[in-house]
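So the chains spell out like this:
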Amino acid sequence: MRIFIIGLVLVASVLLETTMVSRMAIFGIAPDLMLCVIVSYSILRGETEGACAGFAGGLLMDIAIGQAMGLFAMLGLLAGYFAGKPFRDFYRESYMLPMFITGIAAFAQGFALYLFNVLTIAHIGMFAHILAVILPVTFYTMIISVFVYRSLYAVNSLVELYERRSHKIFNK
C-alpha cells in the first residue's frame, strides 16, 4: 500500500512540476516540487525509503525533462538519503526542520546543477548564478515545502493507520 501511495505521489509531482509549477514562477523562478516531496517523505519514513523515493522521483524527472539521464536520479537519491537521517530524532509535527532541510537540499541541488552545467555547457559566473537563481529557488522551495510536508504528513498518517489495522495478528 505504501509503495503504491508514494508512487502515485511521485507521478503526480512530476506531472505538476512539468505542467503547473512553471505557472507559479515569480520572475522566472519556480519552486522544485519534486525535491519538496522527496525531502518530506524522507523525513517521515527514514533514509532508506527516502533514498528509494528520491531515486524513483529523480528518475521520473530525468525521463520528463530529458536533460542528462541519471543526474536527477542521483541528486534525488542523495537528497532522500541525507534528509531521512534525522527520521527518529525529531518531533514529526514540527514544520521548521523540514523547511530547513529542504532549504539545504535545494541549495545543494542547485549548486550541483550549476557545476554540471559549467562542466558540460558553458561557463557561468558562480556568484551571480547563486544570487540570481539558486538562492531565490531555495527560498521559494522552502516556502512551498511547508505545504507539501503538511500534505504528506496527513497522507503518511493515514497509511500508517491502515498498516496498523491490517497487520494486527490478534483481533479482539
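As a starting point, this report considers the structure included with it. Computed from a predicted structure; not experimentally measured. As a convention, each chain's residues are numbered from 1 in the sequence order in which they are written. Only residues with pLDDT of 70 or above have their local features reported here, since the model is predicted, and side-chain atom pairs are shown and tallied only from 80 upward, although totals for entire chains, interfaces and linings are computed over all residues. With hydrogens and water stripped out, all remaining heavy atoms of the structure feed into the side-chain values.

Glancing now at helix α2 (residues 33–45). Compared with the 18 Å implied by 1.5 Å per residue over 13 residues, the 18 Å span of α2 between its first and last C-alpha is a close match. By definition, any uninterrupted DSSP run of H or I lasting at least four residues is a helix, any uninterrupted run of E lasting at least two residues is a strand, and each is numbered from the N terminus. With its phi angle positive at about 105°, Gly46 sits one or two positions after the end of α2. The span you would expect from a helix comes to 1.5 Å times its residue count less one.

A separate point is helix α1 (residues 2–19). Over its 18 residues, α1 extends 26 Å from the first C-alpha to the last, a length consistent with the 26 Å expected when each residue adds 1.5 Å. A simple rule labels every residue: compare its accessible area, found with a 1.4 Å probe on the protein chains alone, to the largest value its type can have, and call it buried under 20%, exposed over 50%, or partly exposed in between. Of the positions making up α1, those classed as buried are Ile5, Ile6, Val9, Leu10, Ser13, Val14 and Glu17. Any two residues whose heavy atoms approach within 4.5 Å at even a single point are treated as in contact. Among the structural elements, α2, α3 (47–65) and α6 (126–166) are those in contact with the buried residues of α1.

A few words now on empty space enclosed by the protein. Cavities and pockets were defined on a 1 Å grid built from protein atoms only: a cavity is a group of points that admits a 1.4 Å probe but offers it no way out, a pocket is an open group of points flanked by protein on both sides within 12 Å along at least five of seven lines, and a lining residue is one with an atom within 4 Å of any such point. Grid points are joined across faces, edges and corners, and a volume is the space filled by probe spheres set on the points. Taken as a whole and judged by the stated rule, the model has one cavity of 30 Å³ or more. Of the volumes computed, that of the largest cavity is approximately 90 Å³. Forming the walls of the largest cavity are Arg2, Ile5, Ile6, Val9, Tyr41, Leu44, Leu152, Val155, Asn156 and Val159. Those elements giving two or more residues to the lining of the largest cavity turn out to be α1, α2 and α6. Along the lines of polarity and charge, the residues of the lining of the largest cavity split into eight nonpolar, one polar and one charged. As a working rule, the residues Ala, Val, Leu, Ile, Met, Phe, Trp, Tyr, Cys and Pro are called nonpolar, Asp, Glu, Lys and Arg charged, and the rest polar, with Gly in that last group.

Let us now look at the nonpolar core. If you look at the biggest cluster of nonpolar residues, it comprises 37 residues, and the most contacted ones within it are Val39 and Val148. The set of elements that each furnish at least two residues to this core consists of α1, α2, α3, α4 (71–83), α5 (96–120) and α6. Among the elements that take part in this core, α2 stands out by supplying 10 residues, more than any other. For Val39, the residues in contact, after removing those within four places along its chain, are Ala83, Pro98, Ile101, Thr102 and Ala105. To form a nonpolar core, buried Ala, Val, Leu, Ile, Met, Phe, Trp, Tyr and Cys residues must be joined to one another through side-chain atoms within 4.5 Å.

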